[in-house]
Amino acid sequence: MAHSKEHSSCNGHEHDHAAHNHSDKNGLSFAFWLNLFFSIVELIGGIFTNSTAIIADAFHDFMDAGAIGLAILMEKISGKKRTATFSYGYKRFSLLSALILSTFLLSGSIGMIVAAYNSFVNPKEVHSLGMLWLAILGLAVNGAAFLRIKNSGHGHLHHHGHSHGHNHNSESIMLHLLEDVLGWAAVLIGSVIIYFTGWNWIDGVLAIGIALFIGYNAAKNLLNTLKVLLQSVPENVNIAQLKSELQNLKGVSNVHDIHVWTLDGSYNVGSLHAVINNNSATAKQEVMNDIVKLMQGFNIQHPTVQIETNKNTCAFVSC
């Protein structure tokens, strides 16, 4: 079968992507050290205030610090170029830490619910003023870490006219930090209620509420990561519209065998077969250029195109 293949030019893209990854790694490192330090402060503060919610979240943060450390390692590995064994490079390695972090978040949520239940069975007095100050500190620390990672994924507009944003690894960590910010806001409100009413059971309610919220979002992120591993079409690619616009290109009579997937949630790969009605070398190149440009406009950073003529009989038309 006569065919032609062409990949998009990626030198400038790789340079920009490397700069983006470096920024993400700095954000992850900042979140790791901040999370590790604050989890120690949080544990001491939780013991001092006698707060189940704060102690449970301290152990939860210890697990997250370890997971973020693993995420940094996986991000470093994912930046390696392609090899004979991994022809697409190591980008998917970042998904491993996203899976592990999501699992840690789910297990941490279960632990927090158990601790909260025990606080109902064996009620104890909570130091509400201490909770208040820890909540203020928690809001400041986790808010700073969240903004650092969030900002590291913006402003990197590439020459293809799109922004990469965050991969699932960074998203799972950023999600956790956002949850912590909301959780500390709840603790802040709860500490004020306990101070004025003496309702110590509010502490257990807060712990369960935080655990359920974290567990729900961790499960959601886990499912999104699994979708990437199962090679589903990326959410930011409309494959039906892509096929429609491809078949309307000048010189293209048919498009088939379209596949689009993502390596890490931000770097998308696509391949297709295009049937043309003019077999000249010039016509092939013009159609090839138009198709690649259109695919890049649909957030496909790594397009692969096979050109065929009406005389070909392709075995993959209806596969």
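The residue numbers shown here count from 1 along each chain, following its written sequence. Predicted model: local features are reported for residues with pLDDT of at least 70 only, side-chain atom pairs are reported and counted for 80 or more only, and whole-chain, interface and lining totals are derived from all residues. As a rule here, side-chain values cover all heavy atoms of the structure and leave hydrogens and water aside.

1. A look at the overall build of the protein
Helix numbering and strand numbering both begin at the N terminus, where a helix is a DSSP run of H or I of at least 4 residues and a strand a DSSP run of E of at least 2. Broken down by element type, the protein carries eight helices and four strands. Element order for the protein, N to C, with α for helix and β for strand: β-α-α-α-α-α-α-α-β-β-α-β. Per-residue burial for the protein yields a buried fraction of 46% across its 319 residues. By definition, residues are in contact when any of their heavy atoms lie within 4.5 Å. Within the protein, contacts between residues separated by at least 24 positions form 76% of all contacts whose residues are at least 6 apart in sequence. Note on areas: Shrake-Rupley, 1.4 Å probe, and residue coverage restricted to the protein chains presented here. Looking at the protein as shown, the accessible area adds up to about 15400 Å², and 63% of this sits on carbon and sulfur atoms. Here the term buried applies to any residue with accessible area under 20% of the maximum for its type, exposed to any over 50%, and partly exposed to those in between, with areas from a 1.4 Å probe on protein chains only.

2. Some points on the pattern of salt bridges
Note on definitions: salt bridges are taken to be side-chain nitrogens of Lys or Arg within 4 Å of carboxyl oxygens of Asp or Glu. Taken as a whole and judged by the stated rule, the model has one salt bridge. The partner of lysine 227 in a salt bridge is glutamate 235, with the nearest N and O atoms 3.6 Å apart.

3. Considering the nonpolar core
Taken as a class, soluble globular proteins show a tendency for nonpolar side chains to be buried jointly. Residues grouped as a nonpolar core are buried Ala, Val, Leu, Ile, Met, Phe, Trp, Tyr and Cys residues, joined through side-chain atoms within 4.5 Å. Ranked by size, the top nonpolar core spans 33 residues in total, and within it Ala31, Met131, Ile149, Ile173, Leu177, Trp184 and Val187 carry the most contacts. Looking at this core, the elements with two or more residues in it are helix H1 (11-49), helix H2 (52-78), helix H3 (93-121), helix H4 (128-152), helix H5 (168-197) and helix H6 (201-229). Residue contacts for tryptophan 184: discarding those within four places in its chain leaves Phe38, Glu42, Ile54, Asp57, Leu134, Ala135, Gly138, Leu139 and Asn142.

4. Considerations on the confidence of the model for the protein
Of all residues in the protein, 82% have pLDDT values of 70 or greater, and the mean over the chain is 78. On a range of 0 to 100, pLDDT expresses the predictor's confidence in each residue. Per-residue pLDDT stays below 50 along residues 1-17; that stretch engages in 47 contacts with residues further than four places along the chain or on separate chains. Confidence over residues 154-165 falls short of pLDDT 50; this stretch has 30 contacts with residues more than four positions distant or in other chains.

5. So, the pairing of strand E3 (residues 268-276)
In terms of residue burial, E3 counts as a mostly covered element, since eight of its nine residues are buried. Two strands make a pair as long as DSSP finds a minimum of two bridges between them. Relative to E3, strand E2 (residues 252-262) runs antiparallel, the two sharing eight bridges. Bridging from a neighbouring strand, tryptophan 261 pairs with valine 269 of E3. Hairpin geometry of E2 and E3 is characterised by an intervening segment of five residues between the two adjacent antiparallel strands and by a positive phi of about 100° at glycine 265. With eight bridges joining them, E3 and strand E4 (residues 302-309) adopt parallel strand pairing. Considered in E4, the bridge of glycine 270 is made with proline 303. With the strands aimed away from the viewer, a crossover counts as right-handed if its path from the first strand over the helix to the second runs clockwise. Viewed along the sheet, the connection from E3 through helix H8 (residues 281-297) into E4 turns out right-handed.

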